[in-house]
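Spelled out from the first residue to the last, the chains are:
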Amino acid sequence: MEEETQETREFYLPNKMGRIFILSHEEILGKTGMNAVLKIADLPGWIGQLPANNFEPGFSFTTCGKIEAALEKMYGPAAGRGLALRTGHAAFKYGLREFSSLLGITELSFRLLPLSMKIQNGLKALNTLYNQYSDQIVRLEKENDGFLWHIDRCPYCWGRDSDSPCCHHAVGIFQEAMHWISGGKYFHVEESSCKAAGEPSCTIHISSKPVE
Ligand SMILES: [Zn+2]
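Below is a summary of the structure that appears in this document. Here the residue numbering is sequential within each chain, running from 1 through the sequence in written order. Under the rules for a predicted model, residues below a pLDDT of 70 receive no local features and side-chain atom pairs below 80 are neither given nor counted, while totals for whole chains, interfaces and linings still include all residues. Water and hydrogen atoms play no part in the side-chain values, which are based on all heavy atoms of the structure.

**What to know about the packing of helix α2 (residues 15–40) against helix α3 (residues 61–75)**
Turning to step 1, where the next piece is worked out: Angular values range over 0 to 180 degrees, each being the angle between N-to-C directions of two axes fitted as lines to C-alpha atoms, with helices fitted over their stretch in contact. Helix and strand definitions follow DSSP, with helices as H or I runs of at least four residues and strands as E runs of at least two, each counted in order from the N terminus. For the pair α2 and α3, the least separation of the axes is 10 Å and the interaxial angle reads 75°. The angle between the axes of α2 and α3 places the two elements in the roughly perpendicular class. Side by side, α2 and α3 meet where Phe21, Ile22, His25, Leu29, Gly33, Ala36, Val37, Leu38 and Ile40 of the first sit next to Cys64, Ile67, Glu68, Ala70, Leu71, Lys73, Met74 and Tyr75 of the second.
Turning to step 2, where the next piece is worked out: Residues are grouped as follows: Ala, Val, Leu, Ile, Met, Phe, Trp, Tyr, Cys and Pro are nonpolar; Asp, Glu, Lys and Arg are charged; all remaining types, including Gly, are polar. For the contact of α2 with α3, a count of residues per class yields 13 nonpolar, 2 polar and 2 charged. Between 65 and 115 degrees an angle is taken as roughly perpendicular, under 35 as roughly parallel, over 145 as roughly antiparallel, and anywhere else as oblique. In this analysis, two residues are considered to be in contact whenever any of their non-hydrogen atoms come within 4.5 Å of each other.

**Some thoughts on the pairing of strand β4 (residues 146–153)**
Turning to step 1, where the next piece is worked out: Only protein chains enter the accessibility calculation, which uses a 1.4 Å probe; a residue whose area is less than 20% of its type maximum is buried, one above 50% is exposed, and one in between is partly exposed. The buried fraction of β4 is high, at 8 of 8 residues.
Turning to step 2, where the next piece is worked out: DSSP calls a pair of strands paired once it identifies at least 2 bridges connecting them. Relative to β4, strand β3 (residues 137–143) runs antiparallel, the two being bridged by 7 bridges. Its bridge partner being in β4, isoleucine 137 is matched across the sheet by arginine 153.
Turning to step 3, where the next piece is worked out: The antiparallel hairpin formed by β3 and β4 contains 2 residues in its connecting segment.
Turning to step 4, where the next piece is worked out: Note that β4 and strand β6 (residues 202–210) share 6 bridges and pair antiparallel. Residue pairing across strands places histidine 150 opposite threonine 203, the latter belonging to β6.

**Overview of the layout of surface pockets**
Turning to step 1, where the next piece is worked out: Buriedness for pockets is judged along seven lines, at least five of which must meet protein on both sides within 12 Å for an open set on the 1 Å grid over protein atoms alone, while cavities are sets there where a 1.4 Å probe fits but cannot get out, and lining residues have an atom within 4 Å of a point. Grid points are joined across faces, edges and corners, and a volume is the space filled by probe spheres set on the points. When its volume is computed, the second largest pocket comes out at roughly 180 Å³.
Turning to step 2, where the next piece is worked out: Where the lining of the second largest pocket is concerned, the elements lending two or more residues are α4 (77–103), α7 (168–181) and β5 (187–193).
Turning to step 3, where the next piece is worked out: Tallying contributions element by element places β5 first for the lining of the second largest pocket, with 4 residues.
Turning to step 4, where the next piece is worked out: In terms of residue class, the lining of the second largest pocket is built from 4 nonpolar, 3 polar and 3 charged.

**Examining the sheet that holds β5**
Turning to step 1, where the next piece is worked out: As summarised here, the arrangement of the 4 strands in space is β3-β4-β6-β5, forming an open sheet in which the pairing is antiparallel. With one partner strand each, in any of the chains shown, β3 and β5 form the two edges of the open sheet. Each strand of the sheet is rotated relative to its neighbour by a mean of 20°, with strand direction disregarded.

**Comments concerning the pattern of salt bridges**
Turning to step 1, where the next piece is worked out: Any carboxyl oxygen of Asp or Glu that lies within 4 Å of a side-chain nitrogen of Lys or Arg is treated as forming a salt bridge with it. Enumeration according to the criterion identifies 5 salt bridges in this entry.
Turning to step 2, where the next piece is worked out: Where arginine 160 meets glutamate 72, a salt bridge forms, and the shortest distance between an N and an O atom there is 3.0 Å. Here arginine 160 is found in the loop between β4 and α7, whereas its partner glutamate 72 is found in helix α3, with 88 residues between them in sequence.

**Structural notes on the environment of alanine 78**
Turning to step 1, where the next piece is worked out: The topology assignment puts alanine 78 in helix α4.
Turning to step 2, where the next piece is worked out: Taking the C-alpha atoms as reference, alanine 78 lies 15 Å from isoleucine 28; in sequence the two are 50 residues apart.

**Remarks on the coordination of the zinc ion**
Turning to step 1, where the next piece is worked out: The protein atoms donating to the zinc ion are Cys154 (SG), Cys157 (SG), Cys167 (SG) and Cys202 (SG), with metal-donor distances spanning 2.1 to 2.3 Å.
Turning to step 2, where the next piece is worked out: Between the donor residues of the zinc ion, the gaps in sequence give the motif C-x2-C-x9-C-x34-C.
Turning to step 3, where the next piece is worked out: What makes cysteine 154 buried here is its relative accessible area of 1%.
Turning to step 4, where the next piece is worked out: Exposure remark for cysteine 157: the relative accessible area of 5% places this residue in the buried category. The donor definition counts N, O and S atoms within 2.8 Å of each metal and applies 3.2 Å to Na, K and Ca; water is not among these atoms, so some sites may look incomplete.

**A few points about α2**
Turning to step 1, where the next piece is worked out: Given a helix with a known number of residues, its expected span is that number minus one, times 1.5 Å. Look at α2: only 22 Å from first C-alpha to last across 26 residues, short of the 38 Å you get at 1.5 Å a residue.
Turning to step 2, where the next piece is worked out: We define the bend at each residue as the angle formed by axes fitted to the 7 residues ending at it and the 7 residues starting at it. The largest bend in α2 is about 115°, located at glycine 30.

**Some words on empty space enclosed by the protein**
Turning to step 1, where the next piece is worked out: Taken as a whole and assessed by the stated rule, the structure comprises 4 cavities of 30 Å³ or more.
Turning to step 2, where the next piece is worked out: Estimated volume of the largest cavity: approximately 200 Å³.
Turning to step 3, where the next piece is worked out: Taken together, 17 residues make up the lining of the largest cavity; nearest its centre are Met17, Ile20, Ala91, Tyr130 and Ile173.
Turning to step 4, where the next piece is worked out: Elements supplying a minimum of two residues to the lining of the largest cavity: α2, α4, α6 (115–133) and α7.
Turning to step 5, where the next piece is worked out: Sorting elements by how many residues they give to the lining of the largest cavity places α4 first, with 6 residues.
Turning to step 6, where the next piece is worked out: Each residue belonging to the lining of the largest cavity can be placed in one class, and the counts come to 14 nonpolar, 3 polar and no charged.
Turning to step 7, where the next piece is worked out: Put simply, the second largest cavity is a space of about 50 Å³.
Turning to step 8, where the next piece is worked out: Looking at the second largest cavity, the residues that line it are Glu68, Leu71, Glu72, Gly80, Arg81, Ala84, Arg160, Cys166, His168 and His169.
Turning to step 9, where the next piece is worked out: When the residues that make up the lining of the second largest cavity are grouped by side-chain class, the tally is 3 nonpolar, 3 polar and 4 charged.

Worth remembering: the numbers are spatial, not functional.
Shown next as structure tokens:
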């Protein structure tokens, strides 16, 4: 029953998040690449368009999934993955500008925390943001060596079928988030299961130990 509802109803990101999604792709692909992706995605209406900078739920999960699928189709799985990761890095930077006051992660009190607390509080703040301001359903789970970020309703692979995890944009967001939170360190971030591959959630493992 639950599944039927998920397939028949449309879900949305707020325009502000959709705008960041489009801007981050434009930054990495360039205008020409972006337009080509939108054509392949059969979304010609978005060419040269940006969602409004507001919280109205206007950017559909279907649009997100189509763009990510077209990116992979146009550049191939390996290069497509690399580009999608980079769009995620860009999206975090845009997101930080737009949402920092809601997230509270640029405040002095946050910056003074030890790294482990910064990571935990930063991920919790992101978790709350996604659940509150979009139709995404996300859960954060603590693990021995880091965190599991479960996306139970995921825009990035919406409507897609894939042999392997394909929510690279989300992985990129967390790579950049961890890089920023730690003041320039790198962390292992990997998607271990994906709804597009028939699994119940998209799960991203985020190590809390920096790569030496
Ligand atoms: Zn996904």
